[in-house]
Amino acid sequence: MDSKIIDGIGLSRQVKSEVSDSVKRLKMETGRSPGLSVVLVGDDPASAIYVRNKQRGADEVGILGETISMPKTATENEVIRVVNELNSDPNCDGILVQLPLPEHIDEGRVTLSIDPLKDVDGLHPFNSGLLAAGKPRFVPATPGGIVQMLVRTGNDPMGRHVVVLGRSNIVGRPLSNLLSLKGKGGNATVTVCHSQTKNIEELCRSAEILIAAIGIPEYVTSDMVSDGVVAIDVGINRVSAPDRKRGYKLVGDIDFLSVSQKASAITPVPGGVGPMTIAMLLSNTLLAARLH
Ligand code: GUN
(Lines give C-alpha, C1' and ligand atoms only; values in the text may rest on other atoms or scores of the structure.)
Protein backbone atom coordinates (compact mmCIF):
# COMPACT_ATOMS: atom_id res chain seq x y z
CA MET A 1 0.00 0.00 0.00
CA ASP A 2 1.26 3.52 -0.90
CA SER A 3 2.74 4.82 2.34
CA LYS A 4 0.73 8.04 2.16
CA ILE A 5 -2.50 6.05 2.33
CA ILE A 6 -3.44 5.58 5.96
CA ASP A 7 -4.29 1.92 6.51
CA GLY A 8 -7.35 1.99 8.76
CA ILE A 9 -7.70 -1.79 8.65
CA GLY A 10 -4.12 -2.36 9.84
CA LEU A 11 -4.43 0.28 12.58
CA SER A 12 -7.75 -1.15 13.74
CA ARG A 13 -6.07 -4.58 14.02
CA GLN A 14 -3.44 -3.04 16.31
CA VAL A 15 -6.12 -1.51 18.57
CA LYS A 16 -8.22 -4.71 18.54
CA SER A 17 -5.20 -6.76 19.48
CA GLU A 18 -4.57 -4.46 22.48
CA VAL A 19 -8.25 -4.69 23.47
CA SER A 20 -8.18 -8.47 23.08
CA ASP A 21 -5.16 -8.74 25.43
CA SER A 22 -6.91 -6.56 28.03
CA VAL A 23 -10.14 -8.57 27.72
CA LYS A 24 -8.17 -11.76 28.47
CA ARG A 25 -6.57 -10.11 31.50
CA LEU A 26 -9.94 -8.85 32.76
CA LYS A 27 -11.39 -12.32 32.37
CA MET A 28 -8.56 -13.82 34.41
CA GLU A 29 -9.06 -11.23 37.15
CA THR A 30 -12.86 -11.23 37.33
CA GLY A 31 -13.98 -14.45 35.59
CA ARG A 32 -16.21 -12.57 33.17
CA SER A 33 -16.03 -11.11 29.68
CA PRO A 34 -17.34 -7.64 28.76
CA GLY A 35 -20.81 -7.59 27.19
CA LEU A 36 -21.93 -5.24 24.40
CA SER A 37 -25.60 -4.90 23.40
CA VAL A 38 -26.46 -3.21 20.12
CA VAL A 39 -30.05 -2.17 19.49
CA LEU A 40 -31.05 -1.96 15.82
CA VAL A 41 -34.47 -0.51 15.00
CA GLY A 42 -35.82 -0.88 11.46
CA ASP A 43 -34.31 -2.28 8.29
CA ASP A 44 -31.95 0.39 6.96
CA PRO A 45 -29.47 -1.69 4.91
CA ALA A 46 -26.41 0.46 5.75
CA SER A 47 -27.18 0.31 9.49
CA ALA A 48 -27.58 -3.47 9.27
CA ILE A 49 -24.08 -3.74 7.76
CA TYR A 50 -22.54 -1.45 10.43
CA VAL A 51 -24.20 -3.45 13.21
CA ARG A 52 -23.01 -6.76 11.76
CA ASN A 53 -19.45 -5.39 11.62
CA LYS A 54 -19.69 -4.31 15.27
CA GLN A 55 -20.86 -7.79 16.26
CA ARG A 56 -17.99 -9.37 14.29
CA GLY A 57 -15.48 -7.03 15.93
CA ALA A 58 -16.79 -7.98 19.38
CA ASP A 59 -16.42 -11.69 18.55
CA GLU A 60 -12.81 -11.12 17.42
CA VAL A 61 -11.68 -9.60 20.72
CA GLY A 62 -13.62 -11.84 23.14
CA ILE A 63 -16.40 -9.36 23.92
CA LEU A 64 -19.84 -10.97 24.21
CA GLY A 65 -21.85 -9.09 21.62
CA GLU A 66 -25.60 -9.31 21.14
CA THR A 67 -27.78 -7.54 18.60
CA ILE A 68 -31.37 -6.77 19.55
CA SER A 69 -33.37 -6.16 16.36
CA MET A 70 -36.66 -4.30 16.57
CA PRO A 71 -39.14 -3.63 13.74
CA LYS A 72 -39.31 -0.14 12.19
CA THR A 73 -42.80 0.17 13.68
CA ALA A 74 -41.45 -0.08 17.26
CA THR A 75 -42.55 2.86 19.38
CA GLU A 76 -40.22 5.18 21.28
CA ASN A 77 -41.46 3.72 24.56
CA GLU A 78 -40.77 0.18 23.37
CA VAL A 79 -37.19 1.10 22.49
CA ILE A 80 -36.73 2.85 25.84
CA ARG A 81 -38.12 -0.22 27.62
CA VAL A 82 -35.45 -2.39 25.94
CA VAL A 83 -32.76 0.12 26.95
CA ASN A 84 -34.03 0.08 30.55
CA GLU A 85 -33.81 -3.71 30.65
CA LEU A 86 -30.21 -3.50 29.44
CA ASN A 87 -29.47 -0.78 32.01
CA SER A 88 -30.33 -3.22 34.79
CA ASP A 89 -28.77 -6.33 33.19
CA PRO A 90 -25.50 -7.12 35.04
CA ASN A 91 -24.14 -9.01 31.99
CA CYS A 92 -24.45 -5.91 29.79
CA ASP A 93 -21.56 -3.46 30.16
CA GLY A 94 -22.12 -1.36 27.04
CA ILE A 95 -25.24 -0.24 25.16
CA LEU A 96 -25.34 1.21 21.67
CA VAL A 97 -28.55 2.22 19.92
CA GLN A 98 -27.73 2.38 16.23
CA LEU A 99 -28.58 5.72 14.59
CA PRO A 100 -30.45 6.98 12.70
CA LEU A 101 -33.67 5.82 14.35
CA PRO A 102 -36.98 5.82 12.43
CA GLU A 103 -38.38 9.35 12.17
CA HIS A 104 -41.20 8.87 14.71
CA ILE A 105 -38.63 8.20 17.48
CA ASP A 106 -36.86 11.05 19.29
CA GLU A 107 -33.16 10.13 19.29
CA GLY A 108 -32.45 12.54 22.14
CA ARG A 109 -34.97 10.85 24.46
CA VAL A 110 -33.64 7.39 23.66
CA THR A 111 -30.03 8.50 24.23
CA LEU A 112 -31.02 10.07 27.56
CA SER A 113 -32.49 6.75 28.70
CA ILE A 114 -29.12 4.96 28.47
CA ASP A 115 -27.23 4.55 31.76
CA PRO A 116 -24.29 7.00 31.33
CA LEU A 117 -21.97 4.29 32.74
CA LYS A 118 -23.00 1.97 29.86
CA ASP A 119 -22.99 4.67 27.16
CA VAL A 120 -20.12 3.29 25.05
CA ASP A 121 -21.22 5.61 22.21
CA GLY A 122 -20.39 8.63 24.37
CA LEU A 123 -23.50 10.43 23.13
CA HIS A 124 -25.38 10.81 26.45
CA PRO A 125 -25.23 14.49 27.55
CA PHE A 126 -23.45 13.39 30.73
CA ASN A 127 -20.56 11.99 28.68
CA SER A 128 -20.52 14.74 26.03
CA GLY A 129 -20.51 17.19 28.97
CA LEU A 130 -17.52 15.46 30.56
CA LEU A 131 -15.66 15.70 27.25
CA ALA A 132 -16.56 19.38 26.81
CA ALA A 133 -15.38 20.01 30.40
CA GLY A 134 -12.01 18.45 29.61
CA LYS A 135 -12.58 15.25 31.62
CA PRO A 136 -13.48 12.66 28.97
CA ARG A 137 -14.84 9.24 29.97
CA PHE A 138 -16.55 7.61 26.96
CA VAL A 139 -15.37 9.42 23.83
CA PRO A 140 -17.56 8.83 20.74
CA ALA A 141 -15.93 6.10 18.68
CA THR A 142 -15.37 7.92 15.38
CA PRO A 143 -13.63 10.98 16.91
CA GLY A 144 -11.64 8.69 19.22
CA GLY A 145 -10.58 6.57 16.26
CA ILE A 146 -9.49 9.59 14.24
CA VAL A 147 -7.25 10.86 17.04
CA GLN A 148 -5.71 7.38 17.39
CA MET A 149 -5.10 7.28 13.62
CA LEU A 150 -3.33 10.63 13.68
CA VAL A 151 -1.14 9.78 16.66
CA ARG A 152 -0.28 6.25 15.49
CA THR A 153 0.78 7.47 12.02
CA GLY A 154 3.07 10.19 13.36
CA ASN A 155 0.62 13.01 12.56
CA ASP A 156 0.19 14.27 16.12
CA PRO A 157 -2.25 17.20 16.02
CA MET A 158 -0.34 19.11 18.75
CA GLY A 159 0.09 22.75 17.74
CA ARG A 160 -1.33 22.19 14.27
CA HIS A 161 -4.28 23.85 12.59
CA VAL A 162 -7.04 21.28 12.18
CA VAL A 163 -10.11 22.14 10.12
CA VAL A 164 -13.18 19.99 10.83
CA LEU A 165 -15.94 20.07 8.23
CA GLY A 166 -19.23 19.32 10.01
CA ARG A 167 -20.68 19.93 13.48
CA SER A 168 -22.69 16.77 14.12
CA ASN A 169 -23.14 15.39 17.64
CA ILE A 170 -21.55 12.10 16.57
CA VAL A 171 -18.42 13.44 14.84
CA GLY A 172 -17.71 17.15 14.32
CA ARG A 173 -18.59 18.58 17.72
CA PRO A 174 -16.99 15.90 19.94
CA LEU A 175 -13.97 15.75 17.61
CA SER A 176 -13.36 19.49 17.94
CA ASN A 177 -13.52 19.14 21.74
CA LEU A 178 -11.18 16.16 21.72
CA LEU A 179 -8.55 17.77 19.49
CA SER A 180 -8.41 20.90 21.60
CA LEU A 181 -7.99 19.06 24.94
CA LYS A 182 -4.73 19.37 26.81
CA GLY A 183 -2.57 16.26 26.49
CA LYS A 184 -1.61 13.52 24.02
CA GLY A 185 -3.71 13.59 20.85
CA GLY A 186 -4.97 17.09 21.66
CA ASN A 187 -3.40 20.56 21.84
CA ALA A 188 -4.53 21.40 18.31
CA THR A 189 -5.94 24.70 17.06
CA VAL A 190 -9.35 23.73 15.73
CA THR A 191 -11.68 25.43 13.26
CA VAL A 192 -15.16 23.92 12.85
CA CYS A 193 -16.83 24.69 9.50
CA HIS A 194 -20.52 24.14 8.73
CA SER A 195 -23.28 25.11 6.31
CA GLN A 196 -23.20 28.77 7.42
CA THR A 197 -19.40 29.19 7.21
CA LYS A 198 -18.56 31.91 4.68
CA ASN A 199 -14.99 31.36 3.50
CA ILE A 200 -14.93 27.58 3.69
CA GLU A 201 -12.51 26.96 0.80
CA GLU A 202 -9.97 29.44 2.15
CA LEU A 203 -10.22 27.90 5.62
CA CYS A 204 -9.71 24.42 4.16
CA ARG A 205 -6.56 25.60 2.39
CA SER A 206 -5.20 26.85 5.72
CA ALA A 207 -5.60 23.38 7.28
CA GLU A 208 -2.58 21.27 8.14
CA ILE A 209 -5.02 18.48 8.99
CA LEU A 210 -8.40 18.46 7.24
CA ILE A 211 -11.21 16.23 8.52
CA ALA A 212 -14.33 15.94 6.35
CA ALA A 213 -17.57 14.80 8.01
CA ILE A 214 -20.38 16.51 6.11
CA GLY A 215 -21.98 13.68 4.14
CA ILE A 216 -21.54 15.28 0.70
CA PRO A 217 -19.91 12.89 -1.81
CA GLU A 218 -16.41 14.02 -2.89
CA TYR A 219 -17.01 17.58 -1.62
CA VAL A 220 -13.34 18.38 -0.93
CA THR A 221 -11.41 18.81 -4.17
CA SER A 222 -7.69 19.37 -4.72
CA ASP A 223 -8.05 23.14 -5.19
CA MET A 224 -9.37 23.30 -1.59
CA VAL A 225 -6.27 21.81 0.07
CA SER A 226 -2.65 22.79 0.52
CA ASP A 227 0.35 20.66 -0.39
CA GLY A 228 1.24 18.27 2.43
CA VAL A 229 -2.21 18.27 4.07
CA VAL A 230 -3.21 15.27 6.19
CA ALA A 231 -6.70 14.41 4.90
CA ILE A 232 -9.11 12.35 6.99
CA ASP A 233 -12.35 11.25 5.35
CA VAL A 234 -15.28 10.34 7.60
CA GLY A 235 -17.86 10.21 4.78
CA ILE A 236 -19.43 6.98 3.58
CA ASN A 237 -21.72 7.87 0.67
CA ARG A 238 -23.43 5.48 -1.70
CA VAL A 239 -23.34 6.83 -5.25
CA SER A 240 -24.81 5.20 -8.33
CA ALA A 241 -22.38 3.08 -10.35
CA PRO A 242 -24.22 1.15 -13.08
CA ASP A 243 -20.99 -0.68 -14.03
CA ARG A 244 -20.77 -2.27 -10.55
CA LYS A 245 -22.57 -5.49 -9.71
CA ARG A 246 -24.37 -3.87 -6.76
CA GLY A 247 -25.27 -0.81 -8.84
CA TYR A 248 -23.54 1.57 -6.42
CA LYS A 249 -20.12 2.35 -4.98
CA LEU A 250 -18.96 3.92 -1.73
CA VAL A 251 -17.16 7.26 -1.82
CA GLY A 252 -16.10 9.61 0.94
CA ASP A 253 -16.54 13.36 1.42
CA ILE A 254 -13.09 13.88 -0.14
CA ASP A 255 -12.30 13.49 -3.84
CA PHE A 256 -9.65 10.85 -3.17
CA LEU A 257 -7.99 10.78 -6.61
CA SER A 258 -7.26 14.51 -6.82
CA VAL A 259 -6.63 15.26 -3.12
CA SER A 260 -4.23 12.32 -2.76
CA GLN A 261 -1.95 14.05 -5.32
CA LYS A 262 -1.33 16.87 -2.82
CA ALA A 263 -1.77 15.19 0.57
CA SER A 264 1.10 13.85 2.65
CA ALA A 265 -1.33 11.32 4.17
CA ILE A 266 -4.93 10.43 3.36
CA THR A 267 -7.53 7.89 4.50
CA PRO A 268 -9.31 5.76 1.88
CA VAL A 269 -13.05 4.97 1.81
CA PRO A 270 -13.71 2.21 2.62
CA GLY A 271 -10.82 0.95 4.78
CA GLY A 272 -9.99 4.20 6.58
CA VAL A 273 -11.96 5.69 9.47
CA GLY A 274 -14.69 3.00 9.50
CA PRO A 275 -12.64 0.11 10.90
CA MET A 276 -11.11 2.40 13.54
CA THR A 277 -14.58 3.40 14.71
CA ILE A 278 -15.39 -0.22 15.49
CA ALA A 279 -12.07 -0.75 17.27
CA MET A 280 -12.72 2.26 19.52
CA LEU A 281 -16.24 1.07 20.32
CA LEU A 282 -14.69 -2.19 21.56
CA SER A 283 -12.14 -0.22 23.56
CA ASN A 284 -14.99 1.78 25.15
CA THR A 285 -16.80 -1.47 26.00
CA LEU A 286 -13.69 -2.71 27.79
CA LEU A 287 -13.55 0.57 29.74
CA ALA A 288 -17.25 0.17 30.66
CA ALA A 289 -16.60 -3.35 31.95
CA ARG A 290 -13.77 -2.01 34.12
CA LEU A 291 -16.09 0.67 35.54
CA HIS A 292 -18.67 -1.93 36.64
N1 GUN B 1 -24.62 5.58 13.10
C2 GUN B 1 -23.52 6.01 12.42
N3 GUN B 1 -22.48 6.19 13.27
C4 GUN B 1 -22.93 5.87 14.50
C5 GUN B 1 -22.32 5.86 15.80
O6 GUN B 1 -21.15 6.19 15.97
N7 GUN B 1 -23.12 5.47 16.83
C8 GUN B 1 -24.41 5.12 16.64
N9 GUN B 1 -25.12 4.77 17.71
N10 GUN B 1 -25.01 5.12 15.46
C11 GUN B 1 -24.28 5.50 14.40
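Quick note: structure is the one above.
Residue numbers restart at each chain and count upward from 1, following the sequence in its written direction. Owing to the predicted nature of the model, reporting of local features is limited to residues with pLDDT of at least 70; listing and counting of side-chain atom pairs is limited to 80 or more, with chain, interface and lining totals taken over all residues. Think of the side-chain values as coming from all heavy atoms in the structure, minus any hydrogens and water.

Undergrad: For this particular structure, what's the right way to read the overall build of the protein chain?
TA: Put simply, DSSP marks the helices as runs of H or I at least four residues long and the strands as runs of E at least two long, and each gets a number from the N terminus on. Assigned secondary structure in the protein chain consists of ten helices and ten strands. The size measure is the radius of gyration over C-alpha atoms, and the globule rule it meets is 2.2 Å times the number of residues to the 0.38 power. Radius of gyration (C-alpha) of the protein chain: 19 Å, near the 19 Å computed for a compact globule of 292 residues. Taken along its principal axes, the extent of the C-alpha atoms in the protein chain is 50 × 40 × 35 Å. Counting only contacts in the protein chain whose residues sit at least 6 apart along the sequence, the fraction spanning at least 24 positions is 70%. Accessible area of the protein chain: about 13,800 Å², with a carbon and sulfur share of 52%. Charged residues are defined here as Lys and Arg on the positive side and Asp and Glu on the negative side; His and the ends of the chain fall outside this count. Charged groups are reduced to one reference atom each: NZ for lysine, CZ for arginine, CG for aspartic acid, CD for glutamic acid. For the protein chain, the centre of its 31 positive side-chain charges and the centre of its 32 negative side-chain charges are spaced 3 Å apart. Residue contacts follow a heavy-atom distance rule, with two residues in contact if any of their heavy atoms lie within 4.5 Å. Accessible surface is estimated by sampling points in the Shrake-Rupley manner with a 1.4 Å probe; for residues, cover comes only from the protein chains shown.

Undergrad: Help me understand the packing of helix H2 (residues 45-61) against helix H10 (residues 273-291) in this model?
TA: Two elements in contact, H2 and H10, have axes whose closest approach is 10 Å; the angle formed by their N-to-C orientations is 55 degrees. As judged from the angle between their axes, H2 and H10 are oblique. Here the hand of the crossing between H2 and H10 comes out right-handed. Contact residues: Asn-53, Lys-54, Gly-57, Ala-58 and Val-61 in H2; Ile-278, Leu-281 and Leu-282 in H10. Each axis is a line fitted through C-alpha atoms, taken for helices only over the stretch in contact, and angles between the N-to-C directions span 0 to 180 degrees. Throughout, the term roughly parallel applies to angles under 35 degrees, roughly antiparallel to angles over 145, roughly perpendicular to angles from 65 to 115, and oblique to all others. Whether a crossing is left-handed or right-handed is set by the direction in which the near helix is turned from the far one by less than a right angle, anticlockwise for left-handed and clockwise for right-handed.

Undergrad: How should the layout of surface pockets be read in this particular structure?
TA: Over the atoms, a rolled probe matching the size of one water molecule traces out where space is still vacant. Cavities and pockets are found on a 1 Å grid laid over the protein atoms alone: a cavity is a set of points where a 1.4 Å probe fits but cannot escape, a pocket is an open set with protein on both sides within 12 Å along at least five of seven lines, and a lining residue has an atom within 4 Å of such a point. Grid points are joined across faces, edges and corners, and a volume is the space filled by probe spheres set on the points. Size it by volume and the second largest pocket reaches roughly 230 Å³. Contributing to the lining of the second largest pocket are 13 residues, with Glu-218, Leu-250, Val-251, Phe-256 and Val-269 lying nearest its centre. Secondary-structure elements contributing two or more residues to the lining of the second largest pocket are strand S9 (248-251) and helix H9 (256-262). Broken down by element, the residue count for the lining of the second largest pocket peaks at three residues, all from S9. Gly is placed with the polar residues, together with every amino acid not listed as nonpolar (Ala, Val, Leu, Ile, Met, Phe, Trp, Tyr, Cys and Pro) or charged (Asp, Glu, Lys and Arg). Of the residues contributing to the lining of the second largest pocket, the split by class is seven nonpolar, one polar and five charged.

Undergrad: Would you mind going over empty space enclosed by the protein with me for this structure?
TA: Taken as a whole and assessed by the stated rule, the structure comprises one cavity of 30 Å³ or more. Put simply, the largest cavity is a space of about 50 Å³. What lines the largest cavity is simply Val-97, Leu-99, Thr-111, Ile-114, Asp-119, Asp-121 and Leu-123.

Undergrad: Honestly, the pattern of salt bridges in this entry has me stumped. Any pointers?
TA: Side-chain pairing between opposite charges can occur once the charged atoms of the two side chains come close. Think of a salt bridge as a Lys or Arg side-chain nitrogen and an Asp or Glu carboxyl oxygen that are within 4 Å of each other. All chains considered together, the criterion is met by six salt bridges. With a shortest N-O distance of 2.2 Å, Arg-109 and Glu-76 are connected by a salt bridge. Of this pair, Arg-109 sits in helix H4 (residues 107-113) while Glu-76 is found in helix H3 (residues 76-87), placing the two residues 33 residues apart along the sequence. For Asp-156, the salt bridge identified is with Lys-184, shortest N-O distance 3.4 Å. Of the two residues, Asp-156 sits in the loop between helix H6 (141-152) and strand S4 (161-165) while Lys-184 sits in the loop between helix H7 (172-179) and strand S5 (189-193), which places them 28 residues apart along the sequence.

Undergrad: I would appreciate a short explanation of the nonpolar core in the present structure.
TA: Inside soluble globular proteins, nonpolar side chains tend to come together where they are buried. The nonpolar core is taken to be a set of buried Ala, Val, Leu, Ile, Met, Phe, Trp, Tyr and Cys residues, with the residues joined through side-chain atoms within 4.5 Å. Each residue's exposure class comes from its accessible area (1.4 Å probe, protein chains only) as a fraction of the maximum for that residue type: buried when under 20%, exposed when over 50%, partly exposed otherwise. Core analysis: the biggest nonpolar cluster contains 48 residues, and Ile-146, Leu-175, Leu-179, Ile-211 and Ile-232 have the highest contact counts within it. Counting residues per element, this core draws most heavily on H10, which supplies ten residues. Ignoring any residue separated from it by four or fewer positions in sequence, one finds Leu-175 in contact with Pro-143, Ile-146, Val-147, Val-164 and Ile-211. Within the second largest apolar cluster, 17 residues are counted, among which are Leu-165, Cys-204, Ala-207 and Val-225.

Undergrad: What is the right way to read the pairing of S4 from this model?
TA: For a regular strand, the rule is simple: side chains alternate between the two faces of the sheet. Most of S4 is tucked away: five of the five residues are buried. Both faces of S4 are covered, namely the face carrying His-161, Val-163 and Leu-165 and the face carrying Val-162 and Val-164. Here S4 pairs with S5 via five bridges, running parallel. The residue bridging Leu-165 from the neighbouring strand is Cys-193, located in S5. Crossover S4 to S5 through H7 is right-handed. When DSSP finds at least two bridges between two strands, those strands are taken to pair. Where S4 lies against strand S6 (residues 209-212), four bridges are found, and the strand directions are parallel. Bridging across to S6, Val-163 finds its partner in Leu-210. Look down the strands so they point away from you; if going from the first strand over the helix to the second traces a clockwise path, that crossover is right-handed.

Undergrad: Would you mind going over a nonpolar patch on the surface with me for this structure?
TA: Together, Ile-49, Tyr-50 and Ile-236 line one region of the surface with nonpolar side chains, adding up to about 230 Å² of accessible area. Summarising the element assignment, Ile-236 is placed in the loop between strand S7 (230-233) and strand S8 (237-240). Note on patches: the residues involved have over 30% relative accessible area and no salt bridge, like charges join within 9 Å, and the nonpolar side chains Val, Leu, Ile, Met, Phe, Trp and Tyr join within 5 Å.

Undergrad: Even after reading the chapter, I still don't get the site of the ligand, so can you show me in this structure?
TA: All residues in the neighbourhood of the ligand are listed as Leu-96, Val-97, Gln-98, Leu-99, Asp-121 and Ile-170. Between a nitrogen atom of the ligand and a side-chain N or O atom of Gln-98, the distance comes to 3.2 Å. N or O atoms within 3.5 Å of each other form a polar contact, as long as, within protein, one can give a hydrogen and the other can take it, and as long as residues adjacent in sequence are counted only when both atoms are side-chain atoms. A distance of 2.9 Å is found between a nitrogen atom of the ligand and a backbone nitrogen or oxygen belonging to Leu-99. If the ligand stood free it would expose 280 Å²; the protein chains cover 81% of that surface. Proximity is defined per residue: if any heavy atom of the residue lies within 4 Å of a molecule or strand, that residue is considered near it.

By themselves, these figures tell us nothing about what the structure is for.
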